[in-house]
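Architecture at a glance
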Amino acid sequence: MDRQQEFVLRTLEERDIRFVRLWFTDVLGFLKSVAVAPAELEGAFAEGIGFDGSAIEGFARVYESDMIARPDPATFQILPARGGEPSDTARMFCDILMPDGSPSWADPRHVLRRALARASDMGFTFYTHPEIEFFLLKEDPESGRPPRPVDSGGYFDLTTHDVAHDFRRMAVSALETLGISVEFSHHECAPGQQEIDLRYADALSTADNVMTFRHVVKEVALAQGVYATFMPKPFTDQAGSGMHTHLSLFEGDRNAFHDPADALNLSKTARSFIAGLLRHAREITAVTNQWVNSYKRLFPMAYHGSPVSEAPAYVCWGHLNSSALVRVPMYKPGKANSTRIEVRSLDPACNPYLALAVLLSAGLTGIECEYELPPGAEEDVGLLTGAERRALGYPDLPHNLADALRAMEESELVAETLGEHVFDFFLRNKRAEWMDYRARVTPYELARYLPAL
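Scope of this entry: the structure provided in the associated data block. (Residues numbered from 1 in each chain as written. Predicted model: local features only at pLDDT ≥ 70, side-chain atom pairs only at ≥ 80, totals over all residues. Heavy atoms only, no water.)

1. Quick notes on the environment of Ala55
Looking at the element boundaries, Ala55 is found in the loop between β3 (49-52) and β4 (66-71). For Ala55, a relative accessible area of 61% puts it in the exposed group. Residues Ala55 and Glu6 lie 49 residues apart in sequence; the distance between their C-alpha atoms is 32 Å. (Helix = DSSP H or I, 4+ residues; strand = E, 2+ residues; numbered from the N terminus. Buried < 20%, exposed > 50% of the residue type's maximum accessible area, 1.4 Å probe, protein only.)

2. A closer look at unusual backbone geometry
For Asn265, which is not a glycine, the phi torsion comes out positive at approximately 65 degrees. By secondary structure assignment, the location of Asn265 is in the loop between β13 (254-255) and α6 (268-279). By relative accessible area, Asn265 is classed as buried at 13%.

3. Overview of the state of the cysteines
Summed over the entire model, instances satisfying the criterion amount to 0 disulfides. As a non-bridged cysteine, Cys316 has Cys189 as the owner of its nearest cysteine sulfur, 19 Å distant. (Disulfide = S-S within 2.5 Å.)

4. Let's talk about α6
In this model, α6 (12 residues) spans 16 Å end to end at C-alpha, consistent with the 16 Å of a helix rising 1.5 Å per residue. Within the span of α6, buried status applies to Ala270, Ser272, Phe273, Ile274, Ala275, Gly276, Leu277 and Leu278. (Expected span 1.5 Å × (residues − 1).)

5. Here's the deal with helix α7 (residues 281-288)
Each full turn of the α-helix corresponds to 3.6 residues, which orients residues three or four apart in the same direction. Burial within α7 is extensive, with 7 of its 8 residues counted as buried. Looking at α7, one finds that the buried residues are Ala281, Glu283, Ile284, Thr285, Ala286, Val287 and Thr288. If you follow the buried residues of α7, they end up packed against α6, α8 (294-297), α9 (352-368), α11 (401-409), α12 (412-418) and α13 (420-439). (Contact = heavy atoms within 4.5 Å.)

6. Comments concerning the packing of aromatic side chains
Going through the model one piece at a time under the given rule, you end up with 13 aromatic pairs. Feature note: the residues Phe134, Phe167, Phe213 and Phe230 constitute an aromatic cluster, connected by ring pairs. For Lys430, the ring lying beneath its charged end belongs to Trp291, and the centroid distance is 3.4 Å. Its guanidinium or amino end placed over the ring of Phe426, Lys430 lies 6.0 Å from that ring's centre, counting from NZ or CZ. (Phe/Tyr/Trp six-rings, centres within 6.5 Å; stacked < 30°, edge-to-face > 60°. Lys NZ or Arg CZ within 6 Å of the ring centre and 35° of its normal.)

7. Remarks on the packing of α7 against α11
At a minimum axis separation of 7 Å, α7 and α11 run at an interaxial angle of 120 degrees. Viewed along their axes, α7 and α11 adopt a mutual orientation that is oblique. Along this stretch, α7 crosses α11, giving a crossing that reads as left-handed. Of the residues in α11, those in contact with Arg282, Glu283, Ala286 and Val287 of α7 are Asp403, Ala404, Leu405, Ala407 and Met408. Residue composition of the contact of α7 with α11, by class: 6 nonpolar, no polar and 3 charged. (Axes fitted to C-alpha atoms, helices over the stretch in contact; angles between N-to-C directions. Parallel < 35°, antiparallel > 145°, perpendicular 65-115°, else oblique. Left-handed = near helix turned anticlockwise from the far one by under 90°. Nonpolar A, V, L, I, M, F, W, Y, C, P; charged D, E, K, R; others polar.)

Here's what the structure looks like:
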(Lines give C-alpha, C1' and ligand atoms only; values in the text may rest on other atoms or scores of the structure.)
Protein backbone atom coordinates (compact mmCIF):
# COMPACT_ATOMS: atom_id res chain seq x y z
CA MET A 1 0.00 0.00 0.00
CA ASP A 2 1.44 3.39 -0.98
CA ARG A 3 1.55 6.52 1.17
CA GLN A 4 -1.40 8.20 -0.52
CA GLN A 5 -3.60 5.18 0.16
CA GLU A 6 -2.45 5.12 3.78
CA PHE A 7 -3.27 8.84 4.08
CA VAL A 8 -6.79 8.23 2.77
CA LEU A 9 -7.48 5.36 5.17
CA ARG A 10 -6.08 7.35 8.11
CA THR A 11 -8.16 10.41 7.21
CA LEU A 12 -11.35 8.32 7.00
CA GLU A 13 -10.81 7.19 10.57
CA GLU A 14 -9.72 10.56 11.97
CA ARG A 15 -12.59 12.49 10.34
CA ASP A 16 -15.23 9.83 11.04
CA ILE A 17 -16.12 9.47 7.34
CA ARG A 18 -19.02 7.02 6.88
CA PHE A 19 -19.46 7.06 3.10
CA VAL A 20 -16.96 7.20 0.25
CA ARG A 21 -18.35 8.01 -3.18
CA LEU A 22 -16.38 6.56 -6.07
CA TRP A 23 -16.86 8.68 -9.19
CA PHE A 24 -16.23 8.09 -12.88
CA THR A 25 -17.73 9.35 -16.13
CA ASP A 26 -19.31 7.68 -19.12
CA VAL A 27 -18.28 8.46 -22.68
CA LEU A 28 -20.73 11.37 -22.93
CA GLY A 29 -19.38 12.97 -19.74
CA PHE A 30 -22.15 12.12 -17.28
CA LEU A 31 -20.94 11.56 -13.74
CA LYS A 32 -21.46 8.10 -12.23
CA SER A 33 -21.13 7.23 -8.55
CA VAL A 34 -21.11 4.24 -6.23
CA ALA A 35 -20.86 4.65 -2.45
CA VAL A 36 -18.80 2.25 -0.35
CA ALA A 37 -18.26 1.94 3.38
CA PRO A 38 -14.79 2.89 4.65
CA ALA A 39 -14.17 -0.73 5.67
CA GLU A 40 -14.35 -1.73 1.98
CA LEU A 41 -11.88 0.84 0.74
CA GLU A 42 -8.64 -1.04 1.38
CA GLY A 43 -9.98 -3.85 -0.78
CA ALA A 44 -11.10 -1.33 -3.41
CA PHE A 45 -7.56 0.06 -3.62
CA ALA A 46 -6.18 -3.45 -4.12
CA GLU A 47 -8.80 -5.01 -6.38
CA GLY A 48 -11.28 -2.30 -7.37
CA ILE A 49 -15.08 -2.45 -7.31
CA GLY A 50 -16.80 -4.63 -9.91
CA PHE A 51 -19.78 -3.30 -11.91
CA ASP A 52 -21.83 -4.01 -15.02
CA GLY A 53 -20.15 -2.01 -17.79
CA SER A 54 -22.96 -2.72 -20.26
CA ALA A 55 -25.26 -0.50 -18.15
CA ILE A 56 -22.94 2.52 -18.61
CA GLU A 57 -23.24 4.64 -21.77
CA GLY A 58 -20.48 3.57 -24.18
CA PHE A 59 -18.57 1.24 -21.85
CA ALA A 60 -19.20 -2.39 -22.89
CA ARG A 61 -21.48 -4.79 -24.69
CA VAL A 62 -23.73 -7.14 -22.71
CA TYR A 63 -21.61 -10.21 -23.40
CA GLU A 64 -18.41 -8.57 -22.08
CA SER A 65 -19.89 -6.48 -19.31
CA ASP A 66 -17.67 -7.13 -16.27
CA MET A 67 -15.58 -4.06 -15.45
CA ILE A 68 -13.72 -2.71 -12.44
CA ALA A 69 -13.60 0.79 -10.92
CA ARG A 70 -10.38 1.36 -8.98
CA PRO A 71 -10.22 4.56 -6.89
CA ASP A 72 -7.36 7.00 -7.48
CA PRO A 73 -6.22 8.05 -3.97
CA ALA A 74 -4.66 11.25 -5.33
CA THR A 75 -8.20 12.56 -5.97
CA PHE A 76 -9.45 12.03 -2.41
CA GLN A 77 -11.44 14.95 -0.98
CA ILE A 78 -14.04 15.33 1.77
CA LEU A 79 -17.29 16.63 0.30
CA PRO A 80 -18.66 19.83 1.87
CA ALA A 81 -21.69 19.39 4.11
CA ARG A 82 -24.77 21.60 4.06
CA GLY A 83 -25.39 24.05 6.88
CA GLY A 84 -21.82 24.07 8.17
CA GLU A 85 -22.10 20.62 9.78
CA PRO A 86 -19.05 18.29 9.75
CA SER A 87 -19.14 16.15 6.62
CA ASP A 88 -19.31 12.35 6.82
CA THR A 89 -18.81 11.82 3.06
CA ALA A 90 -15.72 11.82 0.84
CA ARG A 91 -15.14 11.18 -2.83
CA MET A 92 -12.48 9.82 -5.20
CA PHE A 93 -12.32 9.50 -8.96
CA CYS A 94 -11.80 6.04 -10.38
CA ASP A 95 -9.87 4.53 -13.24
CA ILE A 96 -11.86 1.89 -15.13
CA LEU A 97 -10.17 -1.47 -15.68
CA MET A 98 -10.93 -4.69 -17.48
CA PRO A 99 -11.18 -7.93 -15.43
CA ASP A 100 -7.50 -8.71 -16.22
CA GLY A 101 -6.46 -5.36 -14.70
CA SER A 102 -5.66 -3.61 -17.98
CA PRO A 103 -7.04 -0.09 -18.55
CA SER A 104 -10.42 0.10 -20.27
CA TRP A 105 -10.29 1.83 -23.64
CA ALA A 106 -13.82 3.09 -22.91
CA ASP A 107 -12.67 5.11 -19.88
CA PRO A 108 -12.51 8.85 -20.74
CA ARG A 109 -9.84 9.29 -18.06
CA HIS A 110 -7.70 6.71 -19.83
CA VAL A 111 -8.21 8.51 -23.16
CA LEU A 112 -6.77 11.68 -21.63
CA ARG A 113 -3.97 9.76 -19.88
CA ARG A 114 -2.85 8.34 -23.24
CA ALA A 115 -2.75 11.83 -24.80
CA LEU A 116 -0.78 13.10 -21.79
CA ALA A 117 1.66 10.20 -22.15
CA ARG A 118 2.31 11.28 -25.73
CA ALA A 119 3.04 14.81 -24.52
CA SER A 120 5.33 13.43 -21.81
CA ASP A 121 7.25 11.38 -24.39
CA MET A 122 7.87 14.68 -26.23
CA GLY A 123 9.10 16.28 -23.00
CA PHE A 124 5.96 18.32 -22.23
CA THR A 125 3.52 18.75 -19.36
CA PHE A 126 0.08 20.07 -20.37
CA TYR A 127 -1.54 22.75 -18.22
CA THR A 128 -5.06 24.10 -18.61
CA HIS A 129 -7.30 26.76 -17.09
CA PRO A 130 -11.07 26.77 -17.86
CA GLU A 131 -13.48 29.71 -17.61
CA ILE A 132 -16.83 27.99 -17.01
CA GLU A 133 -20.10 29.76 -17.83
CA PHE A 134 -23.59 28.58 -16.89
CA PHE A 135 -27.10 29.88 -16.21
CA LEU A 136 -29.08 30.11 -12.99
CA LEU A 137 -32.81 29.64 -13.57
CA LYS A 138 -35.79 30.22 -11.29
CA GLU A 139 -37.24 26.74 -11.79
CA ASP A 140 -36.00 23.32 -12.77
CA PRO A 141 -36.86 22.17 -16.32
CA GLU A 142 -39.61 19.83 -15.07
CA SER A 143 -41.81 22.79 -14.14
CA GLY A 144 -43.09 22.95 -17.73
CA ARG A 145 -42.37 26.68 -18.05
CA PRO A 146 -39.93 28.26 -20.48
CA PRO A 147 -36.61 28.89 -18.70
CA ARG A 148 -36.54 32.09 -16.63
CA PRO A 149 -33.22 33.56 -15.45
CA VAL A 150 -32.90 34.41 -11.77
CA ASP A 151 -31.93 38.03 -12.50
CA SER A 152 -31.71 40.66 -15.21
CA GLY A 153 -28.03 41.46 -14.62
CA GLY A 154 -25.27 41.93 -17.17
CA TYR A 155 -21.49 41.67 -17.35
CA PHE A 156 -19.84 42.20 -13.91
CA ASP A 157 -23.13 43.48 -12.46
CA LEU A 158 -23.64 43.42 -8.70
CA THR A 159 -26.92 44.29 -7.02
CA THR A 160 -27.87 44.31 -3.36
CA HIS A 161 -29.23 40.96 -2.09
CA ASP A 162 -28.44 39.48 -5.49
CA VAL A 163 -29.25 35.74 -5.57
CA ALA A 164 -26.41 35.13 -8.01
CA HIS A 165 -23.90 36.97 -5.80
CA ASP A 166 -24.77 34.80 -2.79
CA PHE A 167 -24.76 31.72 -4.97
CA ARG A 168 -21.28 32.40 -6.34
CA ARG A 169 -19.92 32.98 -2.83
CA MET A 170 -21.35 29.65 -1.64
CA ALA A 171 -20.22 27.79 -4.76
CA VAL A 172 -16.67 29.12 -4.53
CA SER A 173 -16.50 28.20 -0.83
CA ALA A 174 -17.68 24.66 -1.61
CA LEU A 175 -15.17 24.29 -4.44
CA GLU A 176 -12.26 25.50 -2.33
CA THR A 177 -13.29 23.10 0.45
CA LEU A 178 -12.74 20.39 -2.16
CA GLY A 179 -9.27 21.69 -2.97
CA ILE A 180 -10.33 23.31 -6.25
CA SER A 181 -8.74 26.75 -6.51
CA VAL A 182 -10.92 29.48 -8.00
CA GLU A 183 -9.37 32.49 -9.70
CA PHE A 184 -12.41 34.68 -10.49
CA SER A 185 -16.20 34.63 -10.27
CA HIS A 186 -18.62 37.17 -11.70
CA HIS A 187 -21.91 37.75 -13.49
CA GLU A 188 -21.67 37.24 -17.24
CA CYS A 189 -23.35 39.13 -20.10
CA ALA A 190 -26.77 37.48 -20.19
CA PRO A 191 -29.45 37.63 -17.47
CA GLY A 192 -28.87 34.81 -15.00
CA GLN A 193 -25.53 33.89 -16.57
CA GLN A 194 -22.55 33.26 -14.28
CA GLU A 195 -18.85 32.59 -14.78
CA ILE A 196 -16.40 30.92 -12.41
CA ASP A 197 -12.78 30.52 -13.52
CA LEU A 198 -10.62 27.73 -12.14
CA ARG A 199 -6.89 28.16 -11.60
CA TYR A 200 -4.29 26.52 -13.82
CA ALA A 201 -3.72 22.81 -13.18
CA ASP A 202 -2.42 19.80 -15.06
CA ALA A 203 -4.97 18.62 -17.60
CA LEU A 204 -6.09 15.46 -15.75
CA SER A 205 -6.71 17.45 -12.57
CA THR A 206 -8.58 20.07 -14.61
CA ALA A 207 -10.88 17.45 -16.13
CA ASP A 208 -11.57 15.97 -12.68
CA ASN A 209 -12.19 19.50 -11.39
CA VAL A 210 -14.67 20.31 -14.18
CA MET A 211 -16.68 17.19 -13.37
CA THR A 212 -16.65 18.10 -9.68
CA PHE A 213 -17.52 21.71 -10.53
CA ARG A 214 -20.66 20.76 -12.44
CA HIS A 215 -21.87 18.57 -9.57
CA VAL A 216 -21.12 21.17 -6.88
CA VAL A 217 -22.73 24.04 -8.80
CA LYS A 218 -25.96 22.09 -9.28
CA GLU A 219 -26.01 21.06 -5.61
CA VAL A 220 -25.44 24.63 -4.36
CA ALA A 221 -28.13 25.93 -6.72
CA LEU A 222 -30.66 23.40 -5.41
CA ALA A 223 -29.80 24.39 -1.84
CA GLN A 224 -30.65 28.00 -2.77
CA GLY A 225 -33.93 27.08 -4.47
CA VAL A 226 -32.72 27.76 -8.02
CA TYR A 227 -31.55 25.58 -10.92
CA ALA A 228 -28.14 25.61 -12.63
CA THR A 229 -27.77 24.51 -16.24
CA PHE A 230 -24.70 23.99 -18.41
CA MET A 231 -26.82 23.79 -21.56
CA PRO A 232 -24.80 25.72 -24.15
CA LYS A 233 -27.69 27.88 -25.48
CA PRO A 234 -30.92 27.90 -23.44
CA PHE A 235 -32.07 31.32 -24.77
CA THR A 236 -32.46 32.31 -28.43
CA ASP A 237 -31.84 36.02 -27.87
CA GLN A 238 -29.04 35.82 -25.29
CA ALA A 239 -25.43 34.75 -25.27
CA GLY A 240 -24.69 31.07 -24.86
CA SER A 241 -22.42 29.52 -22.25
CA GLY A 242 -18.88 28.64 -23.19
CA MET A 243 -15.88 27.14 -21.48
CA HIS A 244 -13.00 29.19 -22.81
CA THR A 245 -9.91 27.13 -21.99
CA HIS A 246 -6.36 28.43 -21.65
CA LEU A 247 -3.58 26.02 -22.64
CA SER A 248 0.19 25.89 -22.23
CA LEU A 249 2.98 23.33 -22.45
CA PHE A 250 5.89 23.26 -20.01
CA GLU A 251 9.29 21.59 -20.27
CA GLY A 252 10.11 21.12 -16.61
CA ASP A 253 9.74 24.57 -15.08
CA ARG A 254 10.10 26.39 -18.41
CA ASN A 255 7.09 27.57 -20.40
CA ALA A 256 7.58 26.02 -23.84
CA PHE A 257 5.16 28.57 -25.34
CA HIS A 258 7.30 31.59 -24.37
CA ASP A 259 9.93 33.26 -26.54
CA PRO A 260 10.99 36.77 -25.44
CA ALA A 261 12.42 37.47 -28.90
CA ASP A 262 9.05 37.07 -30.61
CA ALA A 263 6.74 40.06 -31.12
CA LEU A 264 3.89 38.22 -29.35
CA ASN A 265 6.27 36.32 -27.03
CA LEU A 266 5.19 33.09 -28.76
CA SER A 267 7.75 30.36 -29.32
CA LYS A 268 7.93 28.22 -32.45
CA THR A 269 6.43 25.44 -30.34
CA ALA A 270 3.43 27.63 -29.47
CA ARG A 271 2.95 28.70 -33.08
CA SER A 272 3.01 25.12 -34.34
CA PHE A 273 0.62 24.10 -31.55
CA ILE A 274 -1.84 26.80 -32.62
CA ALA A 275 -1.43 25.75 -36.26
CA GLY A 276 -2.33 22.19 -35.25
CA LEU A 277 -5.47 23.39 -33.48
CA LEU A 278 -6.52 25.36 -36.57
CA ARG A 279 -5.80 22.62 -39.11
CA HIS A 280 -7.75 20.02 -37.14
CA ALA A 281 -10.40 22.37 -35.72
CA ARG A 282 -13.34 21.15 -37.77
CA GLU A 283 -12.67 17.46 -37.10
CA ILE A 284 -12.39 17.86 -33.29
CA THR A 285 -15.45 20.11 -32.92
CA ALA A 286 -17.88 17.20 -32.47
CA VAL A 287 -15.95 16.34 -29.30
CA THR A 288 -15.52 19.85 -27.92
CA ASN A 289 -19.15 20.71 -28.78
CA GLN A 290 -21.01 17.43 -28.65
CA TRP A 291 -24.71 18.33 -28.47
CA VAL A 292 -27.29 19.48 -31.03
CA ASN A 293 -27.74 22.61 -28.93
CA SER A 294 -23.99 23.37 -28.97
CA TYR A 295 -24.24 24.70 -32.52
CA LYS A 296 -26.90 27.26 -31.62
CA ARG A 297 -24.08 28.95 -29.68
CA LEU A 298 -21.43 28.66 -32.44
CA PHE A 299 -23.52 30.90 -34.64
CA PRO A 300 -22.66 34.41 -35.95
CA MET A 301 -26.04 35.99 -35.19
CA ALA A 302 -26.70 39.54 -33.95
CA TYR A 303 -29.46 41.09 -31.89
CA HIS A 304 -30.04 44.72 -30.88
CA GLY A 305 -27.10 45.64 -33.10
CA SER A 306 -24.59 43.63 -31.02
CA PRO A 307 -23.26 40.09 -31.29
CA VAL A 308 -25.26 37.53 -29.34
CA SER A 309 -21.97 36.18 -28.04
CA GLU A 310 -18.27 36.16 -28.66
CA ALA A 311 -18.45 32.45 -29.46
CA PRO A 312 -16.30 31.67 -32.50
CA ALA A 313 -17.90 30.58 -35.76
CA TYR A 314 -14.77 30.60 -37.97
CA VAL A 315 -11.36 28.93 -37.87
CA CYS A 316 -8.68 31.54 -37.25
CA TRP A 317 -6.43 32.90 -34.52
CA GLY A 318 -5.64 36.39 -33.30
CA HIS A 319 -3.87 38.43 -30.66
CA LEU A 320 -6.38 39.83 -28.15
CA ASN A 321 -9.13 39.04 -30.69
CA SER A 322 -12.23 37.62 -29.01
CA SER A 323 -13.86 36.77 -32.35
CA ALA A 324 -11.12 34.25 -33.15
CA LEU A 325 -11.26 30.53 -32.41
CA VAL A 326 -7.81 30.73 -30.79
CA ARG A 327 -6.90 33.91 -28.96
CA VAL A 328 -3.45 34.88 -27.67
CA PRO A 329 -4.00 36.82 -24.43
CA MET A 330 -1.90 39.80 -23.46
CA TYR A 331 1.59 38.94 -22.21
CA LYS A 332 2.40 40.12 -18.69
CA PRO A 333 5.93 41.62 -18.72
CA GLY A 334 8.33 39.66 -16.58
CA LYS A 335 5.98 36.67 -16.29
CA ALA A 336 7.12 34.15 -18.88
CA ASN A 337 4.96 31.44 -17.31
CA SER A 338 1.81 33.43 -18.18
CA THR A 339 2.31 33.01 -21.94
CA ARG A 340 -0.57 30.85 -23.13
CA ILE A 341 -3.28 30.45 -25.72
CA GLU A 342 -7.06 30.43 -25.29
CA VAL A 343 -9.41 28.12 -27.21
CA ARG A 344 -12.86 29.70 -27.25
CA SER A 345 -15.09 27.10 -28.88
CA LEU A 346 -15.55 24.62 -26.01
CA ASP A 347 -18.82 24.61 -24.13
CA PRO A 348 -19.34 23.54 -20.50
CA ALA A 349 -21.41 20.48 -21.46
CA CYS A 350 -18.53 18.68 -23.15
CA ASN A 351 -16.79 15.63 -21.74
CA PRO A 352 -13.68 17.42 -20.40
CA TYR A 353 -11.45 14.35 -20.61
CA LEU A 354 -12.17 13.80 -24.30
CA ALA A 355 -12.16 17.51 -25.16
CA LEU A 356 -8.75 18.16 -23.57
CA ALA A 357 -7.39 14.99 -25.18
CA VAL A 358 -8.30 16.06 -28.73
CA LEU A 359 -7.06 19.62 -28.18
CA LEU A 360 -3.71 18.31 -26.96
CA SER A 361 -3.43 15.79 -29.79
CA ALA A 362 -4.15 18.43 -32.43
CA GLY A 363 -1.53 20.76 -30.95
CA LEU A 364 1.11 18.05 -30.57
CA THR A 365 0.56 16.98 -34.17
CA GLY A 366 1.20 20.57 -35.19
CA ILE A 367 4.50 20.50 -33.30
CA GLU A 368 5.57 17.09 -34.63
CA CYS A 369 4.71 17.97 -38.24
CA GLU A 370 6.04 21.54 -37.89
CA TYR A 371 2.84 23.15 -39.18
CA GLU A 372 3.25 26.76 -40.25
CA LEU A 373 0.98 29.24 -38.50
CA PRO A 374 -0.99 31.43 -40.95
CA PRO A 375 -1.32 35.18 -40.34
CA GLY A 376 -3.56 36.12 -37.42
CA ALA A 377 -6.92 37.87 -37.70
CA GLU A 378 -6.77 41.53 -36.69
CA GLU A 379 -10.44 42.41 -37.20
CA ASP A 380 -13.80 41.16 -35.95
CA VAL A 381 -14.11 38.09 -38.16
CA GLY A 382 -17.91 38.07 -37.81
CA LEU A 383 -18.17 41.44 -39.55
CA LEU A 384 -16.36 40.25 -42.68
CA THR A 385 -18.31 39.04 -45.71
CA GLY A 386 -18.19 35.38 -46.66
CA ALA A 387 -16.02 36.26 -49.67
CA GLU A 388 -13.59 38.19 -47.46
CA ARG A 389 -13.29 35.30 -45.02
CA ARG A 390 -12.66 32.83 -47.83
CA ALA A 391 -10.00 35.09 -49.31
CA LEU A 392 -8.28 35.30 -45.91
CA GLY A 393 -8.49 31.52 -45.40
CA TYR A 394 -10.94 31.48 -42.48
CA PRO A 395 -13.18 28.41 -42.99
CA ASP A 396 -16.42 28.01 -41.04
CA LEU A 397 -16.62 25.81 -37.99
CA PRO A 398 -19.24 23.06 -38.46
CA HIS A 399 -22.73 24.56 -38.71
CA ASN A 400 -24.47 21.75 -36.85
CA LEU A 401 -23.83 18.39 -35.21
CA ALA A 402 -24.25 16.47 -38.47
CA ASP A 403 -21.64 18.68 -40.16
CA ALA A 404 -19.27 18.12 -37.22
CA LEU A 405 -19.77 14.35 -37.30
CA ARG A 406 -18.96 14.20 -41.02
CA ALA A 407 -15.68 15.97 -40.32
CA MET A 408 -14.92 13.75 -37.33
CA GLU A 409 -15.58 10.43 -39.07
CA GLU A 410 -12.86 11.21 -41.65
CA SER A 411 -10.31 12.16 -38.96
CA GLU A 412 -7.38 9.85 -38.28
CA LEU A 413 -6.31 12.17 -35.47
CA VAL A 414 -9.59 11.89 -33.56
CA ALA A 415 -9.78 8.13 -34.13
CA GLU A 416 -6.26 7.62 -32.78
CA THR A 417 -6.83 9.96 -29.83
CA LEU A 418 -10.13 8.48 -28.68
CA GLY A 419 -9.33 4.88 -29.57
CA GLU A 420 -11.51 2.70 -31.76
CA HIS A 421 -14.08 1.84 -29.07
CA VAL A 422 -14.84 5.41 -27.95
CA PHE A 423 -14.59 6.77 -31.51
CA ASP A 424 -17.13 4.28 -32.89
CA PHE A 425 -19.55 4.61 -29.95
CA PHE A 426 -19.38 8.40 -30.01
CA LEU A 427 -20.23 8.55 -33.70
CA ARG A 428 -23.12 6.07 -33.36
CA ASN A 429 -24.57 7.86 -30.35
CA LYS A 430 -24.32 11.32 -31.89
CA ARG A 431 -25.73 10.23 -35.25
CA ALA A 432 -28.75 8.87 -33.36
CA GLU A 433 -29.09 12.18 -31.48
CA TRP A 434 -29.01 14.13 -34.74
CA MET A 435 -31.56 11.86 -36.41
CA ASP A 436 -33.90 12.22 -33.45
CA TYR A 437 -33.57 16.02 -33.61
CA ARG A 438 -33.95 16.10 -37.39
CA ALA A 439 -37.22 14.14 -37.23
CA ARG A 440 -38.88 16.52 -34.74
CA VAL A 441 -41.39 19.14 -35.86
CA THR A 442 -40.46 22.24 -33.84
CA PRO A 443 -42.60 25.10 -32.45
CA TYR A 444 -40.73 27.38 -34.88
CA GLU A 445 -42.00 25.41 -37.87
CA LEU A 446 -45.57 25.28 -36.58
CA ALA A 447 -45.64 29.04 -35.89
CA ARG A 448 -44.06 29.98 -39.22
CA TYR A 449 -45.59 27.52 -41.67
CA LEU A 450 -48.90 26.24 -40.30
CA PRO A 451 -50.80 29.54 -40.78
CA ALA A 452 -49.25 30.22 -44.18
CA LEU A 453 -49.01 26.93 -46.00
